[in-house]
Amino acid sequence: MIIAEGFGMSEVKIWRSKIAPTCRGAIFRAKRWFYATFYSRIGDEGRRERSRENWVKLARMLVERSNEEQVSDKAARIIIYYTEEGGVFTPIRAQIEVYELKLLKTIDISAE
């Protein structure tokens, strides 16, 4: 996680996923990160639900955009820029980095 300065009153935090074999997999990793970081540790039900609503909106946009761009089956990484005020997850923006996996070289190894 990286913390950036200069977004209004609060600091902007950045979360980057590892490169996943598919964009859907990268979105799933982001979902696991969100629920582990924000949803399970917040005791206040109101803040928990506001964070979840913000996450659902962001996740929906990630899925829709990856489908529009036809990259849901390509290797990808998700980057989420967000703030956390009072324990509430508030996304600012997100990026989907799409990668191409291709064969570079085949190396044959024989047992004899």
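Look above for the structure.
Fair warning: this is a prediction, and the values are worked out from it, not measured in the lab.

Asks: What exactly am I supposed to notice about the packing of helix α1 (residues 23-39) against helix α2 (residues 45-68) here?
Replies: In a pair of packed helices, the angle between the axes and the distance between the axes together describe the arrangement. In the contact formed by α1 and α2, the axes pass within 11 Å of each other and the chain directions differ by 175°. It follows that α1 is roughly antiparallel to α2 by the angle criterion. In this structure, α1 uses Cys23, Ile27, Ala30, Lys31, Phe34, Tyr35 and Tyr39 to contact α2, whose residues at the interface are Arg48, Glu49, Ser51, Arg52, Trp55, Leu62, Val63 and Ser66. A breakdown of the residues in the contact of α1 with α2 according to their chemical character gives nine nonpolar, two polar and four charged.

Asks: Explanation requested: the packing of aromatic side chains in the structure shown.
Replies: By convention here, two paired aromatic rings are described through the distance between centres and the angle between planes. For the coordinates displayed, the defined rule picks out eleven aromatic pairs. Aromatic pair Trp33 and Phe38: ring centres 5.7 Å apart, planes at 85°, arrangement edge-to-face. Residue class for Trp33 comes out buried when judged on its relative accessible area of 14%. Here the basic side chain of Arg93 rests over the ring of Tyr81, its NZ or CZ set 4.1 Å away from the ring centre.

Asks: What is the right way to read the pairing of strand β2 (residues 10-16) from this model?
Replies: Among the seven residues of β2, five are classified as buried, and the element is accordingly described as predominantly covered. Across four bridges, β2 lies against strand β3 (residues 75-85) in antiparallel orientation. Note on β3: the bridge partner recorded for Trp15 is Ile80.

Asks: Help me understand unusual backbone geometry in this model?
Replies: For residues besides glycine, phi is generally negative; the peptide bonds are generally trans as well. The phi torsion at Gln70 lies on the positive side, around 55°, for a residue other than glycine. Inspection of the secondary structure puts Gln70 in the loop between α2 and β3. Classification of Gln70 as exposed rests on a relative accessible area of 67%.

Asks: Help me out: how do you make sense of the nonpolar core in this one?
Replies: Nonpolar side chains in soluble globular proteins generally cluster together in the buried interior. Ranked by size, the top nonpolar core spans 18 residues in total, and within it Trp15, Trp33, Trp55, Ile78, Ile80, Tyr82 and Phe89 carry the most contacts. At the level of elements, α1, α2 and β3 are the ones that each hand at least two residues to this core. Here the element with the most residues in this core is α1; it accounts for seven residues. Sequence-distant contacts of Ile78, defined by excluding residues within four places in its chain, comprise Trp15, Arg16, Ser17, Ala26, Ile27, Leu62, Gln95 and Ile96.

Asks: Before we go on, may I ask you to explain α2 in this structure?
Replies: What sets the pattern is the α-helix's 3.6 residues per turn: residues three or four places apart point alike. If you check α2, its first and last C-alpha atoms are 34 Å apart, about what 24 residues at 1.5 Å a residue would give, namely 34 Å. The inward-facing, buried residues of α2 contact α1, β3 and β4 (88-99). One or two positions beyond α2, positive phi appears at Gln70, with a value near 55°.

Each value, and the rule that gives it
- Residues numbered from 1 in each chain as written.
- Predicted model: local features only at pLDDT ≥ 70, side-chain atom pairs only at ≥ 80, totals over all residues.
- Heavy atoms only, no water.
- Axes fitted to C-alpha atoms, helices over the stretch in contact; angles between N-to-C directions.
- Helix = DSSP H or I, 4+ residues; strand = E, 2+ residues; numbered from the N terminus.
- Parallel < 35°, antiparallel > 145°, perpendicular 65-115°, else oblique.
- Contact = heavy atoms within 4.5 Å.
- Nonpolar A, V, L, I, M, F, W, Y, C, P; charged D, E, K, R; others polar.
- Phe/Tyr/Trp six-rings, centres within 6.5 Å; stacked < 30°, edge-to-face > 60°.
- Buried < 20%, exposed > 50% of the residue type's maximum accessible area, 1.4 Å probe, protein only.
- Lys NZ or Arg CZ within 6 Å of the ring centre and 35° of its normal.
- Pairing = 2+ DSSP bridges.
- Core = buried A, V, L, I, M, F, W, Y, C linked by side-chain atoms within 4.5 Å.
- Expected span 1.5 Å × (residues − 1).

Purely spatial values, then, with no claim about function.
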